[in-house]
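Chain and residue survey
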Amino acid sequence: MAKKKVDLIVRRAFLKGREVDVHIANGEIAEIRDTETEFDPGKAEVQDAYGLTMLPSMIDVHVHLREPGFEYKEDVQSGLAAAAWGGFGAVMCMANTKPVNDVATTTELMLEKARAHWPDGPRLYPVGALTKGLKGEELAPMAELARAGCEAFSNDGLPVKNTDLFRRAMEYASDWGKPVIDHCEDPYMAVGAGINEGEVGDRLGLNGQPDVAEALQVARDILLAEYLDMHIHLAHISCRKSVDLIRFAKARGVRVTAETAPHYLILTDDYLEAPETQYSSYAKVNPPLRKEDDRLAMIEALEDGTIDILATDHAPHAEHEKEVEFDIAPCGISGLDTAFAVTWGLVRDGVLSEETFNRAWVTKPAEIFGFEYNQFNEGDPADFFLFDPEEDWVVGPDTMHSKGKNTPLRGGTLKGRVKTHFLRGKKIV
Amino acid sequence: MKWLHKDLLDVTQLSKSEAMSLFDTAAHFQEINQRPVKKVPTLKGRSVVLFFAEPSTRTKVSFDVAAKRLSADSFSLSKSMSSLTKGETLKDTVLTLQAMAPDCIVLRHWSSGASKFIADRLDCAVINAGDGRHAHPTQALLDSFTMFQEWGDLTGKTVLILGDIKHSRVARSNVILLNKLGVNVRMCAPRTLLPHTVRSWPCEVYSDLSEAVKGVNAVMCLRLQLERQKDGLLPNLREYAQTFGLSQRHIDLADKDVRIMHPGPMNRGVEISSDLADSAQSLVLDQVANGVSMRMALLFLYMTRKGMEEE
């Protein structure tokens, strides 16, 4: 076989436990060599990676980029910048824009914005609405949406109340080979809550969402997926009860996959009672931060594969929207900027294994939704980022690329900072 | 006495000895309220804003009377008068108020945590006059002060809180303060009007009022919001009144010197029978009178704290 023409050599990167030179040709991984002392790059470009660690680009299957309609919160350009600097090479954006992504023109607009702003930037995969206007009354035109480029369907944020309609939506979506993502929440029990129903919420006098409100819908979805013999993907799982149900379903062979978000791995409702952060709307999120036992269940489930993947549920909001009374603040945490450092921190602390990290952010989301991904094998797409594992940075408006600065981590220090990111061998940041 | 707190957000902030010294201060001001000329110059030249974003008559009047008796200038702002109805945020409203340099803002608000929200953003003192269902520290203090006036030491007394505890900031603050003062707290309500995790609270919980009331030294009735029926928490008021309304047959089971309290406004014939409301055991009007004294004590301590620091 003729040797490929190497375009780029990443010098002295720390990859999978050793220092290597990574050779890239035609946007693909060509060869990985132990770092050579005698070095002649020839005509190849050289990226010095001394002191930096190399990881494959991550995939975030759950973000809200707010465009069209809410560009003051985020737009495709700022969202993709946050993704690139956050280590993500691909994101799936939810349909709750204005107008809702329930017609091809909206999908096309999102894709066109991405192409226009940043043709080589992180890939944007829109998620189409499952029902028209996310109203839960009529099916969205999923064939049209799939043709326009939607890679999954979801009523995220406004779960379908009518179980019969939800069943029909699953059936119809399956015709186009696109997964259905469900935001699990009982539409009556979960109303208007931004905190877990529990001791903290009761003491604070806030209307709480019980964990069973999530688990009831998880059970519904599992039973439907089994009955229809179809795949369903469960979004942002937050509690032990849901994990127990998913484990049970997987043991039965039900085709269910699930995600959780970084904030459920590191925070609990105690945050909302701590003196410094009491009633902080930065921690108002749906599903709400749960109890310590639930947090531990998320970590266990991620490790043992019951929870397949991580996703940020990146939900940027404007400062003036969050800086109001807890009851009227919108739900959501801006996650793209911090997700990598948070979860890599868990790897560094031995809470998550590196294999789990790789599966949860790279291989499994790609497999579930049908995207390409990099594992540094010859021929893999050269999608990777380099980060300084020792760099401390303070989370705040100056360090975040998303327009949404709404995160309970704001003011805190994280370790691990992305320095550069390549997609298909091209430097994007 | 040196007062250490900038704001009064909830009774959780107060130690037992601080509560006791508040009782002493309130008792001192009580004397002023019995004079023919009920005004002292203590807070002359200082100003307090009474910002009531939720309708309230008695708490607002109580604070207003307290402020005027101490010669403070008080300014009232209600939701309809403020720019909140024009879409202004709470943050902007209170920053605007602060720019006029009051010494204290008294806030009543429908959202739990609202007083903490403004206290974090303001340099002046903030007194929580009720935030959502979270806390109502001045009510709890005047309730305990009223019992203190009746009994002296509260240690070992048993108090029953009866009614809609789930939605009640009065109940939340009272449970905390009464426990600090050594009172055994009982609660009685239908399960739908109790917080989900009430078993973790420092109190005994009853569903049967006849059991709950046995031997208690005081019953604190809570107002039932009439919309609870619409919320699906009660079948109807008649059934509630028959099952959880306090009447003479319950009082016969309590301690012979039992006292009856209510933060007002009362729904006669719903949570409390009309005769009990008017009975000799009722402390309802003492609570109102003591409310003025307690709020005088609080305004005095919170509004003079800054001056004392500088001295």
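Every residue gets a number counted from 1 within its own chain, in the order that chain's sequence is written. Whichever chain is written first becomes A and whichever ligand is written first becomes 1, with later ones labelled in order. It should be noted that, the model being predicted, local features are given only for residues of pLDDT at least 70 and side-chain atom pairs only at 80 or more, the latter also being counted only at that level, while totals for whole chains, interfaces and linings use all residues. The basis for every side-chain value is the complete set of heavy atoms in the structure, and neither hydrogens nor water enter the calculation.

Points about the side chain of Lys60 of chain B
The criterion, for reference: Counting from the N terminus, the helices are DSSP H or I runs at least four residues long and the strands are E runs at least two residues long. What makes two residues a contact is simply this: any of their non-hydrogen atoms within 4.5 Å.
Following the sequence through the fold, Lys60 of chain B ends up in helix α2 (residues 58-69). When residues no more than four places from it in sequence are discounted, the contact partners of Lys60 of chain B are Leu50, Phe52, Ser76 and Ser78 of chain B.

Some thoughts on the confidence of the model for chain B
Our working definition: Note on scores: pLDDT gives the predictor's confidence for each residue, bounded by 0 and 100.
The predicted model of chain B has a mean per-residue pLDDT of 94, with 96% of residues at 70 or higher. Scoring the predicted complex yields pTM 0.95 and, for the interface, ipTM 0.94.

Examining the packing of aromatic side chains
Spelled out, the test is: Stacked, tilted and edge-to-face are the three classes applied to pairs of Phe, Tyr and Trp rings, where Trp contributes its six-membered ring and a pair requires centres within 6.5 Å; stacked means planes under 30 degrees apart, edge-to-face means over 60, and tilted covers the rest. Only protein chains enter the accessibility calculation, which uses a 1.4 Å probe. A residue is then buried if its area is under 20% of the maximum for its type, exposed if over 50%, and partly exposed in between. In our convention, an over-ring charge means Lys NZ or Arg CZ found within 6 Å of a ring centre and within 35 degrees of that ring's normal.
Here the structure, examined in full by the defined rule, presents 18 aromatic pairs over all chains. Residues Phe369 of chain A and Phe371 of chain A carry aromatic rings whose centres are separated by 6.4 Å and whose planes lie at 20° to one another, so their mutual orientation is stacked. Comparing Phe369 of chain A with Phe371 of chain A, the two get one shared label, buried. Seen in terms of ring centroids, Phe384 of chain A and Phe422 of chain A are 5.0 Å apart; in terms of plane orientation they differ by 15°. Their pairing is stacked. Of this pair, Phe384 of chain A sits in strand β16 (residues 384-394) while Phe422 of chain A sits in strand β17 (residues 413-423), and the two are 38 residues apart along the sequence. In this structure Phe384 of chain A comes out as buried when scored by relative accessible area, which is 0%. For Phe422 of chain A, a relative accessible area of 1% puts it in the buried group. Pairwise contacts between aromatic rings join Phe340, Trp344, Phe357, Phe385 and Phe387 of chain A into one cluster. Over the ring of Phe117 of chain B we find Arg121 of chain B; its NZ or CZ atom is 3.8 Å from the centre of that ring.

Examining the nonpolar core
Residues and elements named next belong to chain B. The criterion, for reference: Put simply, a nonpolar core is a bunch of buried Ala, Val, Leu, Ile, Met, Phe, Trp, Tyr and Cys residues held in one set by side-chain atoms that sit within 4.5 Å of each other. Each domain span listed reflects an automatic or database assignment of domains.
Val106, Leu141 and Leu299 are the most contacted members of the largest nonpolar core, which totals 87 residues. Per-domain counts for this core show at least three residues from each of domain 1 (11-135 + 288-310) and domain 2 (137-287). Once residues lying within four places of it in the same chain are set aside, the contact partners of Leu141 are Leu8, Val11, Leu14, Leu22, Phe23, Leu177, Met294 and Leu298.

Considering the sheet that holds strand β2 (residues 73-78) of chain B
Residues and elements named next belong to chain B. Test applied: At least two bridges found by DSSP between two strands are what make those strands a pair. Whenever a helix is involved, its axis is fitted only over the stretch in contact; in every case the axis is a line through C-alpha atoms, and angles between N-to-C directions fall within 0 to 180 degrees.
The strand order β2-β1-β3-β4 describes an open sheet built from four strands, whose pairing is parallel. The sheet is open, and its two borders are formed by β2 and β4 (125-131), each paired with just one other strand. If you compare each strand with its neighbour and ignore which way they point, the axes differ by 15° on average. Bridge count for strand β3 (residues 104-109) against β4 is five bridges, and the pairing is parallel. Bridging from a neighbouring strand, Val106 pairs with Ile127 of β4. Relative to strand β1 (residues 47-52), helix α3 (residues 90-99) is tilted by about 160°, and along the sheet it contacts β1, β2 and β3.

Looking at the pattern of salt bridges
Residue and element names in this part refer to chain A. Rule in force here: A carboxyl oxygen of Asp or Glu within 4 Å of a side-chain nitrogen of Lys or Arg is what we treat as a salt bridge.
Going through the model one piece at a time under the given rule, you end up with 54 salt bridges over all chains. The salt bridge involving Lys291 is made with Asp294; its shortest N-O contact spans 3.7 Å. Owing to a relative accessible area of 40%, Lys291 belongs among the partly exposed residues under this scheme. Asp294 gets classed as buried once you look at its relative accessible area, which sits at 3%. Put simply, Glu28, Arg123, Glu372, Asp383 and Arg424 are held in one network by salt bridges that share partners.

Quick notes on the domain arrangement of chain B
All names here are of chain B. Quick reminder of the rule: By definition, the buried area sums, over both parts, the 1.4 Å-probe accessible area that each loses when the two are put together. In the analysis that follows, any N or O atom pair within 3.5 Å is treated as a polar contact, provided that within protein one partner can donate a hydrogen and the other can accept it, and provided that, for residues neighboring in sequence, both atoms belong to side chains. Note that Gly is not counted as nonpolar here; it falls among the polar residues with everything else outside the nonpolar set of Ala, Val, Leu, Ile, Met, Phe, Trp, Tyr, Cys and Pro and the charged set of Asp, Glu, Lys and Arg.
Domain boundaries in chain B define domain 1 (11-135 + 288-310) and domain 2 (137-287). Look at where the C-alpha atoms of domain 1 and domain 2 centre, and you get two points 26 Å apart. Opposite the 32 residues of domain 1 that make contact, domain 2 presents 29 residues. Approximately 2600 Å² of surface area, both sides summed, lies buried where domain 1 meets domain 2, with 62% of it carried by carbon and sulfur atoms. Of all residues in domain 1, Val11, Phe23 and Arg133 give up the largest surface area on contact with domain 2, accounting jointly for 29% of the area buried on that side. Across the contact surface, domain 1 and domain 2 share one salt bridge. Between Arg169 and Glu54 there is a salt bridge whose closest N-O contact spans 2.8 Å. For the pair domain 1 and domain 2, the interface holds 18 residue pairs in polar contact (both at pLDDT 80 or more). A per-class count over the side of domain 1 that touches domain 2 returns 15 nonpolar, 10 polar and seven charged.

With respect to the environment of Glu303 of chain A
All names here are of chain A. By the element assignment, Glu303 lies in helix α9 (residues 292-304). The class of Glu303 is partly exposed, set by a relative accessible area of 31%. Sequence-wise, Glu303 and Leu346 are 43 residues apart; in three dimensions their C-alpha atoms are separated by 12 Å. Setting aside residues up to four positions removed in sequence, Glu303 forms contacts with Val351, Leu352, Ser353, Thr356 and Arg359. Among the polar contacts made by the side chain of Glu303, one reaches the main-chain amide nitrogen of Ser353 at a distance of 2.8 Å.

Looking at the packing of helix α7 (residues 240-251) of chain A against α9 of chain A
All names here are of chain A. To keep it simple, the criterion reads: Oblique is the label for every angle not falling under 35 degrees (roughly parallel), over 145 degrees (roughly antiparallel), or within 65 to 115 degrees (roughly perpendicular).
Contact geometry for α7 and α9: axes closest at 8 Å, N-to-C directions at 30°. When the axes of α7 and α9 are compared, the pair comes out roughly parallel. Between α7 and α9, the residues in contact are Arg240, Val243 and Arg247 and Asp293, Asp294, Leu296, Ala297, Met298, Glu300, Ala301 and Asp304, respectively. Partitioned by chemical class, the residues of the contact of α7 with α9 number five nonpolar, no polar and six charged.

What to know about the packing of helix α4 (residues 163-174) of chain A against helix α6 (residues 211-228) of chain A
Residue and element names in this part refer to chain A. Applied cut-off: Handedness of a crossing follows from how the near helix is turned relative to the far one, being left-handed for an anticlockwise turn of less than a right angle and right-handed for a clockwise one.
Two elements in contact, α4 and α6, have axes separated by 11 Å at closest approach and are oriented at 50°. The orientation of α4 with respect to α6, classified from their angle, is oblique. Here the hand of the crossing between α4 and α6 comes out right-handed. On α6, the residues touching Thr163, Phe166, Arg167, Met170 and Glu171 of α4 are Arg220, Asp221, Leu224, Ala225, Tyr227 and Leu228. Broken down by class, the residue content of the contact of α4 with α6 amounts to six nonpolar, one polar and four charged.

Concerning α9 of chain A
All names here are of chain A. Worth spelling out the cut-off: To estimate the expected span of a helix, subtract one from its residue number and multiply by 1.5 Å.
With 13 residues, α9 should reach 18 Å at 1.5 Å per residue; the first-to-last C-alpha distance of 18 Å fits that figure. Among all positions in α9, only Asp294, Arg295, Ala297, Met298, Ile299, Ala301 and Leu302 are buried. Looking at the packing, one finds that the buried side of α9 touches α6, α7, β14 (256-260), α8 (262-266), β15 (309-310) and α12 (354-369). With its phi angle positive at about 90°, Gly305 sits one or two positions after the end of α9.

Looking at the domain arrangement of chain A
All names here are of chain A. Domain boundaries assigned for chain A yield domain 1 (8-53 + 380-427) and domain 2 (57-369). With 29 residues of domain 1 at the contact, the number on the domain 2 side is 41 residues. Taken together, both faces of the contact between domain 1 and domain 2 bury some 2800 Å²; the carbon and sulfur share is 59%. The largest per-residue losses of area from domain 1 upon contact with domain 2 belong to Lys403, Asn406 and Pro408, which jointly make up 26% of the total buried on that side. Put simply, domain 1 and domain 2 have four salt bridges between them. Notably, a salt bridge pairs Glu319 with Arg410, separated by 3.1 Å at the nearest N-O pair. In this assembly, domain 1 and domain 2 are joined by 21 residue pairs in polar contact (both at pLDDT 80 or more). Listing elements by their share of the side of domain 1 that touches domain 2, those giving two or more residues are β16 and β17. Looking at which element gives the most residues to the side of domain 1 that touches domain 2, the answer is β17, with eight residues.

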